[in-house]
Amino acid sequence: RYKDAALAYENAKDWDNVIRIYLDHLNNPEKAVAIVKETQSLEGAKMVARFFLRLGDYGSAIQFLVLSKCNNEAFQLAQQHNQMEIYADVIGSENTSNEDYQSIALYFEGEKKHFQAGKFFLLCGQHARALKHFLKCSSADENTAIEMAIKTVGEAKDELLTNQLIDYLMGESDGMPKDAQYLFRLYMALNQYREAARTAIIIAREEQSAGNYRTAHDVLFSMYMELKTQKIKIPAEMATNLMILHSYILVKIHVKRRDHMKGARMLIRVANNISKFPSHIVPILTSTVIECHRAGLKNSAFSFAAMLMRPEYRNKIDVKYKKKIEAMVRRPDTSEVEEESTACPFCEFKLPECDLLCPGCKNNLPYCLVTGRHMVKDDWCICPYCEFPALCSEFKILLESESICPMCSERVTANQLKRVSDCSVYLRQEQDDQ
């Protein structure tokens, strides 16, 4: 009467005998396995392992041998039946000794399975051997292997290994430079934020040249935030490039909302830095002409239209707009809506609202993440996520039709915005960054 026996043993909390009855007489391995996992019985785990071994289910047998702390038997079984991946998976999640990790690493090394060998050499703290294997991985594993190599070097903090990985990423060893993103991640892992910043600027420049403006913006933005967190001075080139890219991103938002004046002001800023947008020179200048014309900035529209008439651009203008732009140049209208002036937040000097350098105190001025205009003291708020400043009234207007912060892309609601009564802390930070 095995069921009764199992119940009696269960009441007596004699788990090993409960497990034995379920395996040998009631043929209910699931129940036996559940009890082993719940009670962590070593003897029970051995019985379950033997049960699976008889069935030829080596994977499960290995799992329960490890559970019963019989690592040597599990390792030998894994070796004999080519189940080392399973053994490695099981053991990687247990409290395992360095010797066990090393045995697995040496096995994979012999099998020329470089990724697994690297992984287990890293687990037993042999950084140089781990790196050697990660750098030998086939192209199929390359991305994950480079990530692991970065982790290895980050842990090792060893100059020789760092240089070895940098040479590999630069393509010194095989003549094939790897994506600059990896170099950036390596510097971040080593807490070398200045080098990381330099690399981020290079990556952003490449993305920008390829016309991937949002990607370039996000690379610079995340690096900017990282440097701020680490209280490291922001390189001027990074701050300027982020501001120009952000102005470009704002154009789309304002044009979509049919706010032609804001769109035109940002396009003028972008067009004045047109060399930073090499793949879209003609479309950007064309948009600048159109938006300036719509916003009543006829003189600005004329000067950018004249630029488009240069021989290198003329034939690339969209047929839809070509005649209109040629007419603007032939019959120039130089009327212009004057730009409003607002006070510099540092010294109260009145200057055009889109100018970001104050002639009065020579400070670079913080700009609003919604309009791109310089900030003013009495309308100051910050994004609750990235803490970039914004003109509070403008941010609230934007959130009537949009739901995310244009800078960090986090979801923001109008009631999260709080007016900052004293912005001197932010202004001091701004001066420190300059």
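Residues numbered from 1 in each chain as written. Predicted model: local features only at pLDDT ≥ 70, side-chain atom pairs only at ≥ 80, totals over all residues. Heavy atoms only, no water.

As annotated in an unreviewed UniProt entry, the protein carries the name IFT121-like zinc finger domain-containing protein and is attributed to Staurois parvus. UniProt, in its Subcellular location (unreviewed entry) section for the protein, records the words "Cytoplasm, Cytoskeleton, Cilium basal body". (UniProt positions renumbered as here; feature names shortened; annotations may be inferred.)

Asks: How do you make sense of the overall build of the protein when you look at a structure like this?
Replies: Secondary structure assignment for the protein yields 23 helices and four strands. The C-alpha atoms of the protein give 32 Å as radius of gyration, which overshoots the globular expectation for 434 residues (22 Å, by more than 25%). With respect to the three principal axes, the spread of C-alpha positions in the protein is 105 × 55 × 45 Å. Summed over its atoms, the accessible surface of the protein is roughly 22300 Å², and 49% of this surface lies on carbon and sulfur atoms. In the protein, 55 positive and 57 negative side-chain charges are present, and the distance between their average locations comes to 6 Å. (Helix = DSSP H or I, 4+ residues; strand = E, 2+ residues; numbered from the N terminus. Rg over C-alpha atoms; globule rule 2.2 N^0.38 Å. Areas by Shrake-Rupley, 256 points an atom, 1.4 Å probe, with all protein chains shown as cover. Lys, Arg positive; Asp, Glu negative; His and termini not counted. Charge placed at Lys NZ, Arg CZ, Asp CG, Glu CD.)

Asks: In this structure, what is going on with the packing of helix α14 (residues 193–209) against helix α15 (residues 213–229)? I would like to understand it.
Replies: Two quantities define a packed helix pair, namely the angle between the helix axes and the distance between the axes. Contact geometry of α14 with α15 gives a least axis separation of 8 Å together with a crossing angle of 165°. Relative to α15, the element α14 lies roughly antiparallel. Where α14 crosses over α15, the two elements pack in a sense that is left-handed. Only Y213, T215, A216, V219, L220, M223, E226 and L227 of α15 make contact with α14, whose side of the interface consists of Y193, A196, A197, A200, I201, I203, A204, E207 and Q208. When its residues are assigned to classes, the contact of α14 with α15 shows 13 nonpolar, two polar and two charged. (Axes fitted to C-alpha atoms, helices over the stretch in contact; angles between N-to-C directions. Parallel < 35°, antiparallel > 145°, perpendicular 65-115°, else oblique. Left-handed = near helix turned anticlockwise from the far one by under 90°. Contact = heavy atoms within 4.5 Å. Nonpolar A, V, L, I, M, F, W, Y, C, P; charged D, E, K, R; others polar.)

Asks: Help me understand the nonpolar core, please; the structure alone is not making it clear to me.
Replies: A general tendency of soluble globular proteins is for nonpolar side chains to be buried together. One finds L165, M238 and F395 to be the most contacted residues of the largest nonpolar core, which totals 113 residues. With nine residues, the single largest contributor to this core is helix α16 (residues 236–256). When sequence neighbours within four positions are dropped, the list of residues in contact with M238 reads A197, A200, I201, L220, M223, Y224 and L227. Core analysis: the next-biggest nonpolar cluster, separate from the first, contains 16 residues, A32, A45, M47 and V48 among them. (Core = buried A, V, L, I, M, F, W, Y, C linked by side-chain atoms within 4.5 Å. Buried < 20%, exposed > 50% of the residue type's maximum accessible area, 1.4 Å probe, protein only.)

Asks: Is there a simple way to think about unusual backbone geometry in this case?
Replies: What is expected of a backbone is that most residues other than glycine have negative phi and most peptide bonds are trans. The phi torsion at K157 lies on the positive side, around 50°, for a residue other than glycine. Considering the arrangement of structural elements, one finds K157 in the loop between α11 (142–156) and α12 (159–170). Its relative accessible area of 52% is what places K157 among the exposed residues. Despite not being glycine, N191 has its phi angle at roughly 60°, a positive value.

Asks: Looking at this structure, I do not really get the packing of aromatic side chains. What am I missing?
Replies: Aromatic rings in a pair are described by how distant their centres are and how their planes are angled relative to each other. The full count for this structure, using the stated rule, is nine aromatic pairs. Where Y224 meets F388, the ring centres are 5.2 Å apart and the plane angle is 40°; that geometry is what we call tilted. Taken as a pair, Y224 in helix α15 and F388 in the loop between β3 (380–382) and β4 (389–391) lie far apart in primary sequence, 164 residues in all. We note that Y224, like F388, is buried. Through successive ring pairs, a cluster of aromatic residues spans F221, Y224, Y367 and F388. Across the ring face of Y168, the terminal group of K178 is positioned such that the distance to the ring centre comes to 4.7 Å. (Phe/Tyr/Trp six-rings, centres within 6.5 Å; stacked < 30°, edge-to-face > 60°. Lys NZ or Arg CZ within 6 Å of the ring centre and 35° of its normal.)

Asks: Help me understand the pattern of salt bridges, please; the structure alone is not making it clear to me.
Replies: Should their charged atoms come close, side chains of opposite charge can pair. A complete count under the given rule lists 16 salt bridges for this structure. As a salt-bridge pair, K256 and E402 come within 3.1 Å of each other at their nearest N and O atoms. Here E402 lies in the loop between α22 (392–398) and α23 (424–433) and K256 lies in helix α16, a separation of 146 residues in the sequence. By relative accessible area, which is 57% here, K256 ends up exposed. By relative accessible area, which is 19% here, E402 ends up buried. One salt bridge in this structure joins R314 and E326, with 3.9 Å as the shortest N-O distance. Residue R314 is found in helix α20 (residues 311–314), and its partner E326 is found in helix α21 (residues 319–330); the two are separated by twelve residues along the sequence. The class for R314 is partly exposed, based on a relative accessible area of 34%. (Salt bridge = Lys/Arg side-chain N within 4 Å of Asp/Glu carboxyl O.)

Asks: Help me out: how do you make sense of the packing of helix α3 (residues 29–39) against helix α4 (residues 42–55) in this one?
Replies: One can describe the packing of α3 onto α4 by two numbers: an axis separation of 9 Å at closest approach and a directional angle of 150°. Seen along the crossing, α3 lies across α4 with a hand that is left-handed. Across from P29, A32, V33 and V36 in α3, the residues of α4 making contact are G44, A45, V48, F51 and F52. Classifying every residue of the contact of α3 with α4 by side-chain character gives eight nonpolar, one polar and no charged.

Asks: So what exactly am I meant to see when it comes to α15 here?
Replies: For an α-helix, 3.6 residues make a turn, and residues three or four places apart therefore share a direction. Taking 1.5 Å of rise per residue, the 17 residues of α15 would be expected to cover 24 Å, and the 24 Å separating its terminal C-alpha atoms lies within 8% of that figure. Those residues of α15 lying buried are Y213, A216, H217, V219, L220, F221, M223, Y224 and L227. Buried residues in α15 make contact with α13 (180–189), α14 and α16. After α15 finishes, the residue K231 shows a positive phi value of roughly 55°. (Expected span 1.5 Å × (residues − 1).)

Asks: Got a minute to help me understand the side chain of T199 in this structure?
Replies: Relative to the helices and strands, T199 is located in helix α14. Setting aside residues up to four positions removed in sequence, T199 forms contacts with A180, L183, F184 and Y187.

Asks: I keep staring at α21 and nothing clicks. Help me out?
Replies: Helix length check: α21 (twelve residues) gives 17 Å between terminal C-alpha atoms against 16 Å at 1.5 Å per residue, within 8%. The complete set of buried residues in α21 reads I325, E326 and M328. Down the axis, α21 shows its buried residues gathered within 155° of arc, on one side only. With respect to the buried face of α21, the exposed residues turned more than 90 degrees away are V319, K323 and R330. Contact partners of the buried residues in α21: α18 (281–294), α19 (298–308) and α20. Sitting at the head of α21, D318 places a side-chain oxygen 3.0 Å from the backbone nitrogen of K320. (Arc of directions from axis to C-beta. Polar contact = N/O pair within 3.5 Å; in protein donor to acceptor, adjacent residues only side chain to side chain.)

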